[in-house]
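Close look at the chain arrangement
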Amino acid sequence: MRLRGVKGIREALEQQPELVVLNPKDYKGSWASKFFKNNNPIHVELGMGKGQFISELSLLNPEINYIGVDMYDELIRKASIKARRSRETNDQISLANLALVLLNIEQISEAFAEGEIAVIYLNFSDPWPKARHARRRLTHAGFVNQYTKLLHKDGQIQLKTDSMSLFEFSLNSFADLGLRMRNISLNLHGEGLRTDLVMTEYETKFSGQGMPIYRCEVILGEQKLQTNTEASIAEEVPSIAPTAQSEG
Ligand SMILES: C[S@@+](CC[C@H](N)C(=O)[O-])C[C@H]1O[C@@H](n2cnc3c(N)ncnc32)[C@H](O)[C@@H]1O
């Protein structure tokens, strides 16, 4: 589905530089200091769609900087409307810890510096079911190798999908790269809706239809030595220090 070119979208986005970033390369290596003007950790959702997940998380965790990425300006516009509306209904006006970024994930390494990101969320990424399109899957080794460079040394990737084939492909991709996985679930909401976790638009839709939601976390660095506990689900307990505060 092509969404570009709807009249006036670019102008609408250009009028909100405090929330929308159209030239993310300008902030490479300085998202925290230059855009958010703090030293808080950065969590990025790749392919945010209309932004429900990233907007809600940013409301819940003001001490974390959230960046929602999508390649379609119309979706960035919809996400910006949603984020502003959620502030009205939640009686919190600050958008200070949220950025909505127009970027093709193929260019992610031009927009973030090594070690700059604490958590990457991949929520309901396009499954690209045909074998000849495997390289386009956002968990293909070509992408994952870039993510691991951009992630903090104790960083994480958190994946949710309704696609069993993408999930299978992703687990193999992570395993082939020697990455440690934990909290693997083949039916995240199987024992009732996990209302303690923030849901995405697609998750709401698919779980409402009774479809299983697959989830896993990839853990880099020291964290992989910790025991696997319920509380380790970082959507609820985000705790990774920003790069500048990390110790060697
Ligand atoms: C199926 S939707 C999921 C949206 C949202 N994460 C959710 O769970 O509701 C996938 C999103 O990824 C975006 N996307 C796919 N490939 C992308 C790419 N290469 N760069 C940026 N965004 C991409 C699409 O535009 C779309 O909004």
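Since the structure is predicted, the reported quantities are computational estimates derived from the model, not experimental observations.

**Concerning the nonpolar core**
- Residues Trp31, Leu46, Ile67, Phe112, Tyr147, Ile157 and Phe174 are the most contacted members of the largest nonpolar core, which totals 36 residues.
- Apart from the residues within four sequence positions on either side, phenylalanine 174 is in contact with Thr139, Val144, Ile157, Leu159, Leu179, Met181, Cys216 and Val218.
- Judged by nonpolar contacts, the second largest core, of 21 residues, contains Met48, Leu95, Leu100 and Ala118.

**What to know about the UniProt feature "binding site: S-adenosyl-L-methionine" (unreviewed entry) in the chain**
- The feature "binding site: S-adenosyl-L-methionine" (unreviewed entry), as given by UniProt, occupies Glu45, Asp70, Asn104 and Asp126 in the numbering adopted here. Maximum C-alpha separation among the annotated residues is 13.7 Å over a sequence range of 82 residues, consistent with a single clustered spot.
- Along the chain, glutamate 45 turns up in strand S2 (residues 42-46).
- Residues within four places of glutamate 45 in sequence aside, it is in contact with Phe53, Ile54, Ile67, Gly68, Val69, Tyr121 and Asn123.

**Thoughts on the UniProt feature "binding site: substrate" (unreviewed entry) in the chain**
- Mapped onto the present numbering, the UniProt feature "binding site: substrate" (unreviewed entry) falls at Lys130, Asp162, Thr200, Glu201, Tyr202 and Glu203.
- Ignoring any residue separated from it by four or fewer positions in sequence, one finds aspartate 162 in contact with Phe124, Phe206, Met211, Pro212, Ile213 and Tyr214.
- By the element assignment, glutamate 203 lies in helix H8 (residues 201-208).
- Dropping the residues within four chain positions of it, glutamate 203 is found in contact with Phe124, Lys160, Leu188, His189, Val198, Gly208 and Ile213.
- There is a polar contact of 2.7 Å between the side chain of glutamate 203 and the side chain of lysine 160.

Thresholds applied
Residues numbered from 1 in each chain as written. Predicted model: local features only at pLDDT ≥ 70, side-chain atom pairs only at ≥ 80, totals over all residues. Heavy atoms only, no water. Core = buried A, V, L, I, M, F, W, Y, C linked by side-chain atoms within 4.5 Å. Buried < 20%, exposed > 50% of the residue type's maximum accessible area, 1.4 Å probe, protein only. Contact = heavy atoms within 4.5 Å. UniProt positions renumbered as here; feature names shortened; annotations may be inferred. Helix = DSSP H or I, 4+ residues; strand = E, 2+ residues; numbered from the N terminus. Polar contact = N/O pair within 3.5 Å; in protein donor to acceptor, adjacent residues only side chain to side chain.

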